[in-house]
Each structure stands twice: as C-alpha cells, then as structure tokens.
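Examining the three-dimensional arrangement
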Amino acid sequence: MARPAQPDPEPEPEPGHTTESLAETVGVDPKTVARWLTEGRIPHPRHRLAAAEALHKDVSDIWPDTSRRRDPIWFRPWQEIEREAVSLRWFESTVLPGLLQTEAYARAVLGGAGLIPRTEIERHLSVRLNRQGVLKRDDPPQFTAVIDEAILHRPVGGRATMREQLLAVVTACAEPHIRVHVVPNSVGAYAGLNGPFVIAHSHDHRVADYLDNQLQGQVVSDPDDIATIMAAWENVRGEALSHRQSVDLITEVAESWS
C-alpha cells in the first residue's frame, strides 16, 4: 500500500542575529549596535540599509521615523544633505539652531508669529524633532554653532521654557561632537546681522549652504555664493567667545530664567 503523501516541511526561520554578528555584518563596532538598541541612536543611512538587509526587514519597520515624510517638499533636498553631512557649521541670530531646540521651545518658535496654522504646527514640530536624530546617530557630524547672545535673553515660550532650553544646550555641549559659541552683546556690527545660515560638508568633500527666510529655505551650491558664506562664517566665528566661555555664559543666563 502506498504511503500517504506527507506535507512539505515548513521552512526553517532565518537565523537571528546577536549584537556581535549584526555588527560584523554591517561593518561597525558591537558597541555601536548596542547604542542603537539601548539609547535609541539612529544609524547612518548606509548602516540602516545594511542592518535592514541583514535582518530581512524594511528600514521603515525598524526605524519608522526616518521614513515618515512630514517635511515640506522644498525642504527635502536640505534634509538629505543634513543627514549625510560629516560637519555642520550653523549661525543663528534670532533663535537657537533647530537641531538643539527642545520640544517646548520649538513649539513656541513655530507658533509664536501666528504665520503657521495651528493644524500644521505639530507637523512642522515633528519634522524638526526628528531631524535631531542626526546628532544622536552612531557617527554624528561635527556640529559647531555660533549664536548671538540676544537669543539667550529673548523670552521664547516663557521663563520655564527658556531655562529648560538653555540647560539642554549646556548638556548637549558635553558631547565631544557639539560646540556652541556665543557672540556677546558687546560686539557691534558683524556679518551675522545679515541673517542665519548653515554650511554642510559631505563625505566626498562637497559643500552646500542653507539660507533661511520668511517663506522657505534655499540650498546654495554655487562656488561664489559658498565663498561668500564661508567668509561670513569666519567673521561670526571670530567675534564669538570660546566654547568654554560660551557654555559658562549660557549656564549663567539659564539660571537667571529661574
């Protein structure tokens, strides 16, 4: 008598990964993978892709916030440049850099002028806070900010918000890749009065600048324009206090908001 046909055996699941094996597959140190898991660090895009392939998952399944496009279309080119940058040099004259803003401060900045509809504020806020992951990933860019001292004294969101925000900047400055310099009020006219800007350097040595205005930002890549912005950076950096002096000043002003 013929034996009844047996069902095909179910395929065995793909073998799992340990921290060490995933690190070896992706090409990073095991401690880096551990930081992704325990500290919520966001890997560099190429490491995200390699990890997702190793785990047979989509990047959006592992790091969903990196694939949710809430950002305005005009802002997306700069956001990609920002994510890939190995260094960011940022000057602000009126508010703190977006990558250093607390949620309360950012909400106050976005809603303070009444130019953004209330229904849109949370969307813009989400974009801004998600962008901050670039400073928390396993290989963050070198981030140097120069800010005007007037920012420290402007009551954005109220006293409690200002104190929390300035202390958050002090905490961020403890990271080796983050430096903040303050241009003191005693400085007269300088290049920063012409407006804020960001300079990004990529892995392949390309340079791009970002200029902000009331309507939308502008990505600049023309060599002559970049040379002008680089000269402006040298001016504002030259007028600023040292990093340690700046942190001491920020701490002092934070306490004055108590």
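Each value, and the rule that gives it
- Residues numbered from 1 in each chain as written.
- Predicted model: local features only at pLDDT ≥ 70, side-chain atom pairs only at ≥ 80, totals over all residues.
- Heavy atoms only, no water.
- 1 Å grid on protein atoms, 1.4 Å probe; cavity = no way out; pocket = protein on both sides within 12 Å on 5 of 7 lines; lining within 4 Å.
- Points joined across faces, edges and corners; volume = space filled by probe spheres on them.
- Helix = DSSP H or I, 4+ residues; strand = E, 2+ residues; numbered from the N terminus.
- Nonpolar A, V, L, I, M, F, W, Y, C, P; charged D, E, K, R; others polar.
- pLDDT = per-residue confidence, 0-100.
- Contact = heavy atoms within 4.5 Å.
- Buried < 20%, exposed > 50% of the residue type's maximum accessible area, 1.4 Å probe, protein only.
- Lys, Arg positive; Asp, Glu negative; His and termini not counted.
- Salt bridge = Lys/Arg side-chain N within 4 Å of Asp/Glu carboxyl O.

1. Topic: the layout of surface pockets
Roughly 300 Å³ of volume is contained in the second largest pocket. If one sorts the elements of the lining of the second largest pocket by residue count, helix α9 (residues 159–172) sits on top with three residues. Among the residues making up the lining of the second largest pocket, the classes are represented as six nonpolar, five polar and three charged.

2. A short note on the confidence of the model for the protein
When pLDDT is averaged along the protein, the result is 85; 83% of the residues meet or exceed 70. A low-confidence stretch, residues 8–14 stays under pLDDT 50, and its non-local contacts, those more than four residues away or across chains, total one contact.

3. Examining the side chain of arginine 128
Summarising the element assignment, arginine 128 is placed in helix α7 (residues 118–131). Buried arginine 128, no salt bridge; nearest opposite-charge side chain is aspartate 212, N-O distance 6.3 Å. The contacts of arginine 128, once residues within four sequence positions are left out, are Gly98, Gln101, Ala106, Val109 and Leu110.

4. Regarding the pattern of salt bridges
Note on pairing: side chains with opposite charge can pair once their charged atoms come close. For the coordinates displayed, the defined rule picks out eight salt bridges. For the salt bridge of glutamate 82 with arginine 131, the shortest nitrogen-to-oxygen distance reads 2.8 Å. Taken as a pair, glutamate 82 in helix α5 (residues 76–84) and arginine 131 in helix α7 lie far apart in primary sequence, 49 residues in all. In this structure glutamate 82 comes out as buried when scored by relative accessible area, which is 1%. For arginine 131, a relative accessible area of 11% corresponds to the buried category.

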